[in-house]
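Structural overview for review
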Amino acid sequence: MAVVELRKHGSLEEEITEPESMDWRAEQTKLAEYIEGLSMQPAYIPRVGEIVLWIPDFEGDLAWNAEHHCIQIYSSAEDRWLGSPEWRAGIVGQVPEEAIVLQDLYDTAPKESCVNYSGFRVETLPDPHSTDKAYSLHYKYVHLKCIKPFNSYEIFLQGTTSREALHPSIEYAMTIMASFSLLDKYHFKGTWPDASIYCRGIFLGAELLVVGDVVRLKPKPNRDTRETHNTITDVMVIDEIRLELIQCEDFMKSDQLAESYEIRIRGKVYTNNKQRAYYARPYLLQGPKRMEADEVVDAFQSVGMGGYGDWYQLWSGASVDVSQDMIIGRCYEPDAMQLLFGSLEIGLDLAGVLKAREYSRQADERIPEGRAWFWGDFRTQTLAIDSLNGEDVGHYSEARNVKMWRANLRVIDGTAGPVDLRDAKIPGDVGRPSAKPRSSFEEVGKLSKLVSTGLGAGLGVTDVSNNVSSAEEETARPSAANGREEEKSESEEEDFTIRMDQLRGGTEETEEGDYTPGD
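Scope of this entry: the structure provided in the associated data block. (Residues numbered from 1 in each chain as written. Predicted model: local features only at pLDDT ≥ 70, side-chain atom pairs only at ≥ 80, totals over all residues. Heavy atoms only, no water.)

1. Quick notes on the overall build of the protein
The following threshold applies: Numbering of helices and strands starts at the N terminus; helices are DSSP runs of H or I of at least 4 residues and strands are runs of E of at least 2. When a residue's accessible area, from a 1.4 Å probe over protein chains only, is under 20% of the maximum for its type it is buried; when over 50% it is exposed; and in between it is partly exposed. Only the protein chains shown count as cover for residues, and all accessible areas are computed by the Shrake-Rupley method using a 1.4 Å probe.
Of the regular secondary structure elements, the protein holds 16 helices and 23 strands. A burial count over the protein gives 38% of its 519 residues as buried. Summing over all exposed atoms, the protein offers an accessible surface of approximately 30000 Å²; the carbon and sulfur share of this is 48%.

The following block contains the structure:
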């Protein structure tokens, strides 16, 4: 509809609202609060929907075993190596309710709550190309020390002798590394025939990136050799995440909104390499100027980023656009880098991320031929999962009835018509009436023995489809609390039999003279 309005007026700028979407109505406030909170927490904390490396549990410390040239578990109490961790890839389904501190990266700090409140729920990632999603049931609540960033898989998995020695979920995770999906589209702006949809976040490969994050940029290829440098020196502070619509189509029945699409991530770029800053100057009249400490804090919204050394602005502080392909991942704080990797080199995972994306482009059957990325409508689609946190998601959810939800929204808004009232399936309109009937049957309708006999429950059949509250039970069976049933006269029983006959819509008399339920 925005594209149609854009064509009509030539230019358009408006907030995106979806009042007939139950998802949007339910999520817009909480989602905005959640994303704003992400920008204020440390970058090393895993986020919901991200893919991570994880171990169900271990006792000891993860350390480099120089003899075997790999990371293993070391027990200081026993003074010996306990072997390599059984790494697997998983999806973060829930995050802790308690605050995370830096110490949790290597040794869990004292917690007030048990692990299902103070830890992360992680579910093993199933095969994105298979209908068997049983691995989603392999989950556990673990503390942060059991979780590592999946982008760094090469570092933690080095020394593995063969591909068969890896858990299958590792390969499944690599399969989706060249995928992305946008999160929280909130603003539309355009001048015909082009337009932009502004978003607050993007799931890129294993990670969720939001406005305000500091991300690492892939180094540009050497002009002479066309080879990419193996070190990362530039970072960007994200100001905007946009979906660009190129040559929009205003035909309502068109399969597409535009002829082509582009993801553009905008922000200011900084480098910790003085030589890089020197050659990136627009003018060569003066040397690059090092940023002051307060400028570093203002730029990164973090005091700790000064731990990487001197920082320099690129392009004179102007904002620039990059594609999603240029982003490697979030930039962790220096203290976290030291605990995770024992190094302040921000490009340790560069080769691994590039290899994983290339593997994904070869293995992910959902990427069209000639394309380099799979664009999913939402995160569970890119992960190809049908449940998360034990609940069915997307079209796999039996509770997802869009027609009913929209009708309910119109009822809430006071704009519902007769069709909406029917589609809303309000309990008072289907099956059980909204008010109790005013008849003598109300007093005996739930007498267990008599009614069960009349309905044929003496054969061992119990109907639990119409549950009642304890209050209703007490009202219907005043003598049940005394452990006996109220005696009835023959006339009362005869009157009840007639009422049961009316309720069933007809009876049949058998040769023995007893009544059996009608159709």
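Here the narrative resumes.
2. What about the pairing of strand β12 (residues 207-210)?
Definition in use: Any two strands with at least two DSSP-identified bridges between them are counted as paired.
With burial as the criterion, each face of β12 is covered, one bearing Glu207 and Leu209 and the other bearing Leu208 and Val210. With antiparallel pairing between neighbouring strands as the criterion, strand β11 (residues 194-204) and β12 make up a hairpin whose turn holds two residues, including Gly205 at a positive phi of roughly 60 degrees.

3. Some details on the sheet that holds strand β2 (residues 51-54)
What links the strands of a sheet is backbone hydrogen bonding, and the strands pair in either a parallel or an antiparallel sense. Convention followed: Axis lines are fitted through C-alpha atoms, for helices just across the contact stretch, and the angle between N-to-C directions can take any value from 0 to 180 degrees.
Within the open sheet, the five strands sit side by side as β8-β7-β6-β2-β9. Their pairing is antiparallel. The open sheet has two edge strands with one neighbour each: β8 (139-142) and β9 (147-149). If you compare each strand with its neighbour and ignore which way they point, the axes differ by 45 degrees on average. Looking at chain direction, β2 and strand β6 (residues 88-94) are connected through four bridges and run antiparallel. From the neighbouring strand, Leu53 faces β6, where its bridge partner is Ala89.

4. Observations regarding helix α8 (residues 334-341)
Filter applied, for reference: When we speak of the arc, we mean the arc of directions from the helix axis to the C-beta atoms.
For α8, every residue scored as buried is listed here: Pro334, Ala336, Met337, Leu340 and Phe341. Take α8 and look down its axis: the buried residues cluster within an arc of 155 degrees, on one side only. The positive-phi residue at the C-terminal boundary of α8 is Gly342, with phi of around 65 degrees.

5. Concerning the packing of helix α2 (residues 22-38) against helix α11 (residues 402-413)
To keep it simple, the criterion reads: Should any heavy atoms of two residues lie within 4.5 Å, those residues are counted as being in contact. Each residue receives one of three labels: charged for Asp, Glu, Lys and Arg, nonpolar for Ala, Val, Leu, Ile, Met, Phe, Trp, Tyr, Cys and Pro, and polar for the others, Gly being one of them.
Taken N-terminus to C-terminus, the directions of α2 and α11 make an angle of 65 degrees; their axes are 9 Å apart at the nearest point. In contact with Met22, Asp23 and Arg25 of α2, α11 contributes Trp405, Leu409, Ile412 and Asp413. Tallied by class, residues from the contact of α2 with α11 come to four nonpolar, no polar and three charged.

6. Quick look at the packing of aromatic side chains
In plain terms, the rule: Ring pairs shown here join Phe, Tyr and Trp side chains whose ring centres sit within 6.5 Å, with only the six-membered ring taken for Trp; geometry is labelled stacked below 30 degrees between planes, edge-to-face above 60, and tilted in between. Two thresholds decide whether a charge sits over a ring: the Lys NZ or Arg CZ must be within 6 Å of the ring centre and within 35 degrees of the ring normal.
Enumeration according to the criterion identifies twelve aromatic pairs in this entry. Ring plane angle 55 degrees and centroid distance 6.4 Å describe the contact between Tyr135 and Tyr172, whose orientation is recorded as tilted. Of this pair, Tyr135 sits in the loop between β7 (120-124) and β8 while Tyr172 is found in helix α5 (residues 168-175), placing the two residues 37 residues apart along the sequence. Residue Tyr135 is classed as partly exposed on the basis of its relative accessible area, which comes to 23%. With a centroid separation of 6.0 Å and 50 degrees between ring planes, the pair formed by Phe156 and Phe341 is classed as tilted. Residue Phe156 is located in helix α4 (residues 153-157), and its partner Phe341 is located in helix α8; the two are separated by 185 residues in the primary sequence. For Phe156, a relative accessible area of 5% puts it in the buried group. Here Phe341 falls in the buried class, since its relative accessible area comes to 19%. Against the face of Tyr186 rests Arg200, its NZ or CZ located 4.1 Å from the ring centre.

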